[in-house]
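So the chains spell out like this:
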Amino acid sequence: MNRDAVNSETDFITDLPINIVDTILGCLPLRDVVRTSILSRDWRHKWVSCPDIVFDFWFDQMFLGGHQLEPLVYQILELHKGPLLKFALQVPDLKSNPDIDHWVRLLPRDTLQDLTLHVSRGETHKLTPHLFNFQNLRNLKLYNCAFDPVPGFDGFSKLASLELQRVALVPENFGQFIASCGSIEKLRLIHCTSFDCLEISGPQLKHFEFHGVFKSVTFENCPVLRDVKLAFSSMDFKRGNRFSLDLVKSLSCLPALEDLQLQAYALEDLVEHGAPEKLPVSLEMLKTLHLSDMYFEKIDEISCAICFIRSCPNLQKLKITAFTLDVVDSVADFLRSQRSSESLTQLRTVKMQLFSGMEAEMEFVKYLLASATALEEMTITPHAGSITDGGESILNELKQYPRASPSVAILSSEKK
């Protein structure tokens with residue numbers, strides 16, 4: 001390559017338009033963004049206008065070394081120029097400290113759109129009211145913080161995604177806060193404060209995920225909510241009340257609900273004295289259902305799960321994650337007695353995970369095969385701790401069962 005070509009390439013890199021430079025820098029980890037300063041004299045300070053500043057695991061491993069985090073964060077924020085769109089603080093072992101609030105105050109309130117604060121160690125970090133000045137926020141993630149909007153706060157009008165994990169909330173105020181953020185499309189609450197009544201409202205909400213404890217839930221003005229995942233830290237509080245039926249009634253009020261993931265034991269008290277063929281309410285729009293932690297030793301849980309499945313007339317995909325330890329003859333006898341008056345006419349695929357091949361599980365599969373008239377594929381994932389032949393013997397037995405659908409393929413995940 002001749003000298004003119006080299007100079008031409010050098011000029012090309014040096015004279016890139018600022019918007020192209022910002023795009024390149026925005027795609028790089030922070031450690032690599034800062035390293036661009038050694039490319040040339042002209043690139044020495046280009047990193048200071050990078051729109052994204054992310055202090056994460058890789059920054060900690062590759063850049064910090066034995067250096068202290070605090071002076072580096074201050075230096076980078078004070079040197080930064082131009083609009084800052086994203087700021088993430090999620091280095092390992094970050095403890096609650098006053099510096100976090102000082103860093104938040106250094107962030108430009110008029111441009112910031114994406115904010116992540118991950119306090120991984122120590123006590124819960126109490127956020128200052130300054131957080132609520134970022135009116136252009138579109139994505140907010142908080143970990144191990146205390147979150148309580150200031151009185152009179154009108155919400156983040158542009159917020160599209162909110163994720164709170166191990167966050168201390170004020171339950172009485174949280175429902176009102178969510179209702180005030182009318183643009184939220186995705187909401188995740190992971191092991192936050194327990195709720196007596198969890199109130200969810202959002203005209204744009206499409207995805208909702210909850211891990212924790214609530215005694216009841218209401219969905220108000222959620223016309224496009226299509227994906228719901230619910231996992232409970234403890235179900236002891238629900239015994240003796242109408243938790244399961246009230247939960248199903250709340251879900252049935254979601255006109256766009258298509259995908260539901262639920263722990264099977266949340267359905268245990270769906271009815272008090274044995275599950276009927278179908279529930280008094282149905283989930284008309286539901287197309288995909290995942291029942292996790294399904295205890296095949298518990299007849300109440302199995303009967304209520306079948307009742308729930310029958311109450312989803314348009315269900316197309318069913319996934320069951322088993323949790324089976326013991327053989328219980330009464331469960332297998334109950335399943336053998338099941339003869340649904342209505343076939344599962346829309347069910348196309350079934351996936352059985354952690355399948356141990358115990359009698360109750362086999363009878364459950366036999367019931368599905370005999371009821372699903374349009375079934376196309378059933379996939380079995382053997383439990384590695386219970387199955388020694390990769391599921392071959394189970395697969396051979398299942399293939400002998402009667403099937404309502406003549407074209408269904410029965411597969412093992414290890415054979416696919």
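Residues numbered from 1 in each chain as written. Predicted model: local features only at pLDDT ≥ 70, side-chain atom pairs only at ≥ 80, totals over all residues. Heavy atoms only, no water.

As a further point, take the overall build of the protein chain. Across its full length, the protein chain holds 12 helices and 19 strands. Looking at the protein chain residue by residue over its 416 residues, the buried ones come to 46%. Long-range contacts, defined as pairs at least 24 residues apart, comprise 65% of the intrachain contacts of the protein chain with a sequence gap of at least 6. Summing over all exposed atoms, the protein chain offers an accessible surface of approximately 20,100 Å²; the carbon and sulfur share of this is 49%. (Helix = DSSP H or I, 4+ residues; strand = E, 2+ residues; numbered from the N terminus. Buried < 20%, exposed > 50% of the residue type's maximum accessible area, 1.4 Å probe, protein only. Contact = heavy atoms within 4.5 Å. Areas by Shrake-Rupley, 256 points an atom, 1.4 Å probe, with all protein chains shown as cover.)

Here helix α9 (residues 299-310) spans 17 Å end to end across 12 residues, near enough to the 16 Å set by a 1.5 Å rise per residue. The buried fraction of α9 amounts to 10 of the 12 residues, a majority that puts the element mostly inside the structure. Here α9 has its buried residues at Glu301, Ile302, Ser303, Cys304, Ala305, Ile306, Cys307, Phe308, Ile309 and Arg310. For α9, the elements touching its buried residues are α8 (243-252), β14 (259-263), β15 (288-294), β16 (317-322), α10 (329-336) and α11 (359-371). (Expected span 1.5 Å × (residues − 1).)

Core analysis: the largest hydrophobic core is formed by 116 residues, its most contacted members being Phe87 and Phe208. Ignoring any residue separated from it by four or fewer positions in sequence, one finds Phe208 in contact with Leu187, Leu189, Leu198, Ile200, Phe219, Leu225, Asp227, Val228, Lys229 and Leu230. (Core = buried A, V, L, I, M, F, W, Y, C linked by side-chain atoms within 4.5 Å.)

Its place among the elements puts Glu297 in the loop between β15 and α9. Although Glu297 is buried, it makes no salt bridge; Lys298 carries the closest opposite charge, 8.5 Å away. The residues touching Glu297, leaving out its near neighbours within four places in the chain, are Phe323, Thr324, Leu325, Asp326, Val328 and Val331. (Lys, Arg positive; Asp, Glu negative; His and termini not counted. Salt bridge = Lys/Arg side-chain N within 4 Å of Asp/Glu carboxyl O.)

Here the focus is unusual backbone geometry. Positive phi values are uncommon outside glycine, yet Asn144 reaches one of about 55°. Within the secondary structure, Asn144 sits in the loop between β5 (139-143) and β6 (145-147). Look at His191: it is not a glycine, yet its phi comes out positive at around 55°. With respect to the element layout, His191 can be found in the loop between β9 (186-190) and β10 (195-201).

Spatially, the 3 strands line up as an open sheet ordered β4-β6-β8, and their pairing is parallel. Strand pairing shows two members of the sheet lacking a second neighbour, β4 (125-126) and β8 (168-169), which therefore form its edges. Note: β6 against β8, 2 bridges, orientation parallel. Across the sheet, the residue bridging to Phe147 is Leu169, located in β8. (Pairing = 2+ DSSP bridges.)

A word on the pattern of salt bridges. Counted under the stated rule, the structure contains 11 salt bridges. A salt bridge links Glu359 to Arg336; its shortest N-O distance comes to 2.8 Å. With a gap of 23 residues between them, Glu359 in helix α11 and Arg336 in helix α10 connect regions that are remote in the sequence. The class of Arg336 is partly exposed, set by a relative accessible area of 33%. Each of the salt bridges in this network shares a partner with another, and the network as a whole consists of Asp333, Arg336, Glu359, Glu363 and Lys366.

Right, let's get into the confidence of the model for the protein chain. With 80% of its residues at a pLDDT of at least 70, the protein chain reaches an overall mean of 83. A low-confidence stretch, residues 1-13 (pLDDT under 50), is modelled with 3 contacts involving residues beyond four sequence positions or located in other chains. Low pLDDT, under 50, characterises residues 36-45; the stretch is placed with 13 contacts to residues that sit more than four places away or in other chains. (pLDDT = per-residue confidence, 0-100.)

Within the fold, Leu245 resides in helix α8. C-alpha separation for the pair Leu245 and Pro280, spaced 35 residues apart in sequence, amounts to 9.4 Å. Non-local contacts of Leu245, meaning those with residues more than four positions away in its chain, are made with Leu270 and Pro280.

Direction vectors running N to C along α10 and α11 enclose 10°, while the axes themselves pass 8 Å from each other. Between α10 and α11, the interaxial angle falls into the category roughly parallel. Contacts from Asp329, Val331, Ala332, Leu335 and Arg336 of α10 reach α11 at Glu359, Ala360, Glu363 and Phe364. Residues that form the contact of α10 with α11 fall into these classes: 5 nonpolar, no polar and 4 charged. (Axes fitted to C-alpha atoms, helices over the stretch in contact; angles between N-to-C directions. Parallel < 35°, antiparallel > 145°, perpendicular 65-115°, else oblique. Nonpolar A, V, L, I, M, F, W, Y, C, P; charged D, E, K, R; others polar.)

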